[in-house]
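What follows is each chain in one-letter form.
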Amino acid sequence: MRKITAGLFMSLDGVIADPQDWHFPYFDDAMGAAVDAQLGSADTLLLGRVTYDSFAEAWPVREAEGGPDAVFAKKLGDARKLVVTHQDRDYTWRNSERLDGELTETAAALRNEQGGDIAISGSVSVVRQLLAAGLLDELHLLVHPIAVGKGERLFEDGTTIPLRLLSSEAFTTGVLHLVYTSDPAAPGGSYDDAKTHLAQE
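All of the points below concern the structure found in this document. (Residues numbered from 1 in each chain as written. Predicted model: local features only at pLDDT ≥ 70, side-chain atom pairs only at ≥ 80, totals over all residues. Heavy atoms only, no water.)

**Structural notes on the packing of aromatic side chains**
Next up, step 1: Scanning the model with the defined rule gives four aromatic pairs in all.
Next up, step 2: Seen in terms of ring centroids, Y52 and Y91 are 5.5 Å apart; in terms of plane orientation they differ by 80°. Their pairing is edge-to-face. Of the two residues, Y52 sits in helix 2 (residues 49–65) while Y91 sits in the loop between strand 3 (80–84) and strand 4 (96–98), which places them 39 residues apart along the sequence. For the pair shown, Y52 and Y91 are each scored as buried.
Next up, step 3: Counting every residue linked through ring pairs, the aromatic cluster contains Y52, Y91 and W93.
Next up, step 4: The ring of W59 has R62 sitting right over it, with the charged end atom 4.5 Å from the ring centre. (Phe/Tyr/Trp six-rings, centres within 6.5 Å; stacked < 30°, edge-to-face > 60°. Helix = DSSP H or I, 4+ residues; strand = E, 2+ residues; numbered from the N terminus. Buried < 20%, exposed > 50% of the residue type's maximum accessible area, 1.4 Å probe, protein only. Lys NZ or Arg CZ within 6 Å of the ring centre and 35° of its normal.)

Okay, here's the thing in structure tokens:
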């Protein structure tokens, strides 16, 4: 079975919107290695339309220029790219196509195929749907030591999604690399249950 992973830049107050406005001062080699391990190692990318458009505008140019990130750009270009959109359009970035069918059904089918990892970058609506469906194997959060104060957050709608921490690493910049997976066996209960338990001890 293939693994589906997602990577997101996040502020300390949970904002994932517009990372270009606050993320770059914290980028270093350690973060680059973390992103490469999650995104660059995959042979299939699952991207929302907005993220895809941003990537398709930037990464082919960086690959052609042959700069420091050209190797990473080539990895993204060589990967199969499935775009989650209802728009019928032409794709100029190589190996790109629209995802056919309903997202969770298609993702589940892809997960059961042979092959390498399926990676998501950004694409918060895609991440939310796969988390809710229990199809996301790893959620990589790069939590930056900055409070943005406004903007879209990953968890906004009040849905409870228990997660289990797989690994954590602190970079010298203060960024935390946290990797979670779903935890259907997480303990439940309420405040009243906790009071009852304490009273019995």
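**Remarks on the sheet that holds strand 1 (residues 4–11)**
Next up, step 1: Taken in spatial order, the eight strands line up as 4-3-2-5-1-6-8-7 in an open sheet, and their pairing is mixed. At either end of the open sheet lies a strand with only one pairing partner, and these are strand 4 and strand 7 (163–170). Each neighbouring strand pair of the sheet contributes to a mean axis angle of 25°, computed without reference to strand direction.
Next up, step 2: Pairing of strand 6 (residues 138–144) with strand 8 (residues 176–182) involves five bridges; the strand directions are antiparallel. Bridging from a neighbouring strand, L139 pairs with Y180 of strand 8.
Next up, step 3: Each of strand 1, strand 2 (44–48), strand 3 and strand 5 (118–121) is contacted by helix 4 (residues 103–111), which is oriented at about 160° to strand 3, the strand it contacts most. (Pairing = 2+ DSSP bridges. Axes fitted to C-alpha atoms, helices over the stretch in contact; angles between N-to-C directions. Contact = heavy atoms within 4.5 Å.)

**A few points about the side chain of H144**
Next up, step 1: Mapped onto the secondary structure, H144 falls in strand 6.
Next up, step 2: Since its relative accessible area comes to 0%, H144 is described here as buried.

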